[in-house]
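# Observations on chain architecture
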Amino acid sequence: MNLTNFSVRNYRFTLVIFIMIAVVGMITLRTMPRAEDPQINPPAYPITIVYPGTSPRDMEQLVVKPIEDKLYELSNVDNILTTIDDGLAVITINFKYGENIDNKYQEVEREVNALKSDLPQDIYKINIGKVDPSDVNVLQIVLVSENASFKTLKKFGDDLKEQLQKVTDLKNVKVSGTPDQIVRIELQLDKIAALKIPLKVVLASLQSEDLNIPGGNINAGNQSFNVKTGGRYKNLDEVTGTVVYNANGKITYLRDIASVSFENDEEKHITRLNGHRCILVDAAQKNGANISQTQKKYLPVLKEFEKTLPANIKLVKAFDQADNVDKRLSHLGVDFLIAIGLVLFTLLPLGNRASLIVMVAIPLSLALGIVGLNVFGFSLNQLTIVGLVVALGLLVDDSIVVVENIERWLRDGYSKKEAAIKATQQITPAVIGCTAMLAISFLPMLFLPGGPGEFIRGLPMAVICSVLASMIVSLTVVPFLGSRVLRDHIDPEGNVFLRALKKGISTTYSRLMHSALHRPVLTLLIAFGLFAASIVLFPVIGFKLFPASEKPIFLVNVRMPQQTSLSDADRISRMVEDSLGKSRLVKYYTANIGKGNPQIYYNVPQHPEKSDFAQIFVQLDEDARPLAKKHLIDTLRARFASFPYARVEVKDFEQGPPIDAPIAIRIFGDDLDSLRKIAFQVDRIIDDDKGTAYVDNDLNTLKTDIKVNINRQKASTLGVFTADIDRTLRLAIAGLKIGTFTNETGDDYDVIVSSKHDKFAMLDVFKNLFVNNTIGTPIPLSQLATINFETSPAAFGHFDKNRFVEITAYTQKNVLANNVLKRIMTKLNAIRMPQGYYYKLSGEAESEGDAFGGGFLTVILLTIFLFVAILILQFKTFKGMLIVLSVIPLGVVGGVLMLWLSGNPMSFIAIIGFIGLAGIEVKNSILLVDFTNQLRIEGMSLEEAIEKAGEIRFLPVILTSLTAIGGLIPLALNPNPQISPLALVLIGGLISSTILSRIVTPVMYKLIPPQIEAI
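Reading the values: the criteria
- Residues numbered from 1 in each chain as written.
- Predicted model: local features only at pLDDT ≥ 70, side-chain atom pairs only at ≥ 80, totals over all residues.
- Heavy atoms only, no water.
- Helix = DSSP H or I, 4+ residues; strand = E, 2+ residues; numbered from the N terminus.
- Buried < 20%, exposed > 50% of the residue type's maximum accessible area, 1.4 Å probe, protein only.
- Contact = heavy atoms within 4.5 Å.
- Axes fitted to C-alpha atoms, helices over the stretch in contact; angles between N-to-C directions.
- Left-handed = near helix turned anticlockwise from the far one by under 90°.
- Nonpolar A, V, L, I, M, F, W, Y, C, P; charged D, E, K, R; others polar.
- Arc of directions from axis to C-beta.
- Patch = residues over 30% accessible without salt bridge, like charges linked within 9 Å, V, L, I, M, F, W, Y side chains within 5 Å.
- Areas by Shrake-Rupley, 256 points an atom, 1.4 Å probe, with all protein chains shown as cover.
- Salt bridge = Lys/Arg side-chain N within 4 Å of Asp/Glu carboxyl O.
- Lys, Arg positive; Asp, Glu negative; His and termini not counted.
- Charge placed at Lys NZ, Arg CZ, Asp CG, Glu CD.
- Phe/Tyr/Trp six-rings, centres within 6.5 Å; stacked < 30°, edge-to-face > 60°.
- Lys NZ or Arg CZ within 6 Å of the ring centre and 35° of its normal.
- Expected span 1.5 Å × (residues − 1).
- Core = buried A, V, L, I, M, F, W, Y, C linked by side-chain atoms within 4.5 Å.
- Polar contact = N/O pair within 3.5 Å; in protein donor to acceptor, adjacent residues only side chain to side chain.

Identification of the protein as Efflux RND transporter permease subunit from Ginsengibacter hankyongi is taken from an unreviewed UniProt entry.

Here you go:
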């Protein structure tokens, strides 16, 4: 080829270009974005509505249905999933993948904002968010103190927040674990009633004083002046001096009917670190930033801030993702160096000079591959590094094949320059074909649909960029180096390692192939019999879409009985914390009572506020091995199985897209009572299976509410509006936010109006409660309504506006969710459900459907057709194509056997390994078929050409396979279950296909020899 000729004859130019590539690659490696996990950007938008004191049924009617109806009108909606709880609803609208994320966010925001005027005006908060993995906190700082006041802790937390917000690569810095300070106006409702002051007049007076409306601007001569009005309250004296009523010549001030003070809002989230009182300061990293560089920016900030703390407050850097990333990347870096050492060892048969050429080609190819990754916008993360390590075992193939062919031409007496050019030209079509097959085998993975596809995309891109770079290097730099470094008159038998390898080939392989060629049908029956036997193993090893995380962290969820108070939940959580503190492996355990821990893992969002819930984030010692973590989780599960005061769930983090639980059954229907009956049956079926744990049923227990039954006819007769009754009740119990108070330093405080009561509203709040009628006369609530208790569902959901309840479960030790589902599906199908009621699988089963739906099948078909197209283009015959593709089943034998022996189930990442393995197998087969064709063109007989090609090409094939296996061994030994199955599949497949295909391919060639005239 002209490219090879040009590179060899203009070696100075070639040298400068590739030194430049090496330098640019090193710079790119140091400066490109780094993260622990790949960034994915699903077009999903959670809308959180907080409406305290509202039952799930009321939330559904007043809030959820209007919003869902509006959102459903938007285009390209994939689904809308809603969870409805007591005082809280989360509506998540998912659009089809590929939609513009920012445009869709604006559409959702516009529709919800337009609807706000039709929703209840006393909704506490409506928040529209994006599902953005960069929102995951990379840093969690803990300020610990047993005796500092909440006000002091809050002040220092806010100070630290302000300092961290100045770090340009950080975002979403938040303080949690301490109640906000508010301005509370406690109205004396009985006095207001006695003075016959309408409550709505009081509220209107306060709200009007809180407004700050710009007066505009006026021109005076040649200058323009802004006009400023009185504005908002500046101090509490101004608040208490507000005129709230003026009638009959008497002015009533707020201080006459209320007390005003700064105080802590109701405590809803309690935090502790290792049993000690604390607050949390969390921060996320901006998209595209390098986490190692970000850490260098915030560590000095933390160091300086720590100096400002008083003696009774201690700063603890409890969680720092940068340390985890550096440790993980350094481990993979060590794996990479080990892989290079193993590759170098497998190159010994080539000799020192040839090995040197190959070892120079490796960093050049990787440098060019890293530049390509950066150009396409990928960060350096665990999956791109895995792709580079996988590529390490593959990119040497081209260089080995070219170097080995040059040496063979040198042994035939050609000069170094002539051998380098002619040997490379001879092998170029095969090298290009092999590279094309490798690239094609990984190329369709770039187009895998949905979240799993986007998550995995960096791995195939790293492989493709590296092998394409390897092809360029092998056709340019390798022949140039060969013409300069290799010796003219080398030993025709090679060094001692090569002689030993050749002897092994001639004594074993040559005889075996000769025997196989004489019994072709029997040979094929044995080979494909092994393939059929391996297929039987797939049901045995089972299937799990994504594995558990290997990181030394996990969660402990403590679920108290329904409607447990926060103080009781705190007491129960302390018992669990005490038990965790006894383990030597545990370094930190961060307790969150009343709310989940701030999000620190990409697929586990923070649990919303709930007084009967606590979550403990457990971090183990940095050197804790995955097996030790697994053993500790099993121990804790057994320990807490009989915990009497709450259900304690010890849960490991799972990789892949977020799911509710591994096993999740959604039951759809309209009537909640009927849904509850069916849910009990499903609950019993799941709970009876020995493989399940932590079975949870949304409607297992009903919560008790206080129902205020308004006598509407009587209220109407007395001139009282129902809305006024609702407003009075809300003010008396939860309080109403009527504005914001800004102090002299610019700090904002919510102004909450409520009745006078203790820290929490009690039943006596209903006593002495009055509602004004249209003429201002106070009417006792007892004359307008009766109070009684009633039961209501604790939570339920909507999927595409259809009501459902969900039963979830986790699995016991070493039990796969798929195996459990197989056992319970027949029992679920036997349940007699009323018309219009049905169930659907969620959890892992739903994720599998998303991952392996129509889009995945399209990818598989695309891979097959591209394989066929490239082979037809290269060999110009269907027979040649069939011969090459016949090796693919042979790799499955070793791949599935390796999974079975290692105890790994089939998984998404293992399937990726099998797809990539197909390309590697086909590449080796192309070398053999192409060389056999060349020998036949030179005049050899069919069988002679087959045997000679098999013997000559066995050496480069065995060397390339050994180097690939050597490069993959460190990954196979890696404790990360997201990485090792890929390497195991490739290693097992390479072993079986290298052994079997060297026999099967010649046999297939003999049975269906292609027409060489068409070549």
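So, about the overall build of the protein. The number of helices and strands found in the protein is 33 helices and 30 strands. The dimensions of the protein, computed from C-alpha atoms along their principal axes, are 120 × 80 × 60 Å. Scored against the burial criterion, the 1015 residues of the protein give a buried share of 54%. When contacts within the protein are restricted to residue pairs at least 6 apart in sequence, those whose partners lie at least 24 apart make up 80%.

Glancing now at the packing of helix H31 (residues 908-937) against helix H32 (residues 942-972). Across the interface, H31 lies against H32 with an axial gap of 8 Å and an inter-helix angle of 145 degrees. For the element pair H31 and H32, the recorded crossing hand is right-handed. Listed contacts from H32 to Lys923, Asn924, Leu927, Leu928, Phe931, Thr932, Leu935 and Arg936 of H31 are Leu942, Ala945, Ile946, Lys948, Ala949, Gly950, Ile952, Arg953, Val957, Thr960 and Ser961. Considering only residue class, the contact of H31 with H32 consists of ten nonpolar, five polar and four charged.

Another point: the environment of Ile860. For Ile860, the position within the fold is in helix H28 (residues 854-875). Linking Ile860 and Glu111, residues 749 residues apart in sequence, is a C-alpha distance of 39 Å.

Of all the positions in helix H1 (residues 2-9), only Thr4, Ser7 and Val8 are classed as buried. Around the axis of H1, the buried residues are gathered within 95 degrees of arc, so they sit on the same side.

A cluster of like positive charges, contributed by Arg9, Arg12, Lys417 and Arg484, occupies part of the molecular surface. Tracing the chain through its elements places Arg9 in helix H1.

By the secondary structure assignment, Asn79 is in strand S2 (residues 77-85). Linking Asn79 and Thr92, residues 13 residues apart in sequence, is a C-alpha distance of 8.4 Å. When sequence neighbours within four positions are dropped, the list of residues in contact with Asn79 reads Thr92, Ile93, Asn94, Phe799 and Asp800.

Here we take up the packing of aromatic side chains. Across all of its chains, the model carries 17 aromatic pairs by this definition. Seen from their ring centres, Phe262 and Phe741 are 5.8 Å apart, and the 65 degrees between their planes marks the pair as edge-to-face. Placement of the pair is Phe262 in strand S12 (residues 258-264) and Phe741 in strand S23 (residues 736-742), with a sequence separation of 479 residues. When its relative accessible area of 36% is taken as the criterion, Phe262 is described as partly exposed. An aromatic cluster is defined as three or more aromatic residues linked by ring pairs; in this entry it consists of Phe668, Phe799, Phe804 and Tyr838. Directly above the aromatic system of Phe150 lies the positively charged group of Arg277, at a separation of 4.8 Å from the ring centroid.

With that out of the way, let us pick up a nonpolar patch on the surface. Taken together, the side chains of Leu15, Ile19, Val23 and Ile27 make up a nonpolar region of the molecular surface, amounting to roughly 350 Å² of accessible area. For Leu15, the location among the structural elements is in helix H2 (residues 11-31).

A word on H31. For H31, which comprises 30 residues, the first-to-last C-alpha distance of 44 Å matches the rise-based estimate of 44 Å (1.5 Å per residue) to within 8%. Along H31, 29 of the 30 residues are buried, which leaves the element largely enclosed by surrounding structure. Residue Gly939 follows H31 closely and has a positive phi angle near 115 degrees.

Turning to the nonpolar core, a few remarks are in order. If you look at the biggest cluster of nonpolar residues, it comprises 146 residues, and the most contacted ones within it are Val390, Leu394 and Leu871. Tallying contributions element by element places helix H13 (residues 382-411) first for this core, with 18 residues. In contact with Val390, other than residues within four places in its own chain, are Val463, Leu968, Leu971, Leu982 and Leu986. Formed by 48 residues, the second largest nonpolar core is a distinct cluster that contains Ile49, Tyr105, Ala679 and Ala809.

On to the side chain of Asp320, then. Here Asp320 lies in strand S15 (residues 314-320). Reaching out from Asp320, the side chain makes a polar contact with the side chain of Gln295 at a distance of 2.9 Å. Apart from the residues within four sequence positions on either side, Asp320 is in contact with Val138, Leu139, Gln295, Tyr298 and Leu299.

It is worth spelling out the environment of Val576 at this point. As for its placement among the helices and strands, Val576 is situated in helix H20 (residues 566-580). Residue classification places Val576 among the buried positions, given a relative accessible area of 0%. For the pair Val576 and Asn818, spaced 242 residues apart in sequence, the C-alpha separation works out to 31 Å. For Val576, the contacting residues outside a window of four places in its chain are Val556, Val558, Ile616, Phe640, Phe643 and Val648.

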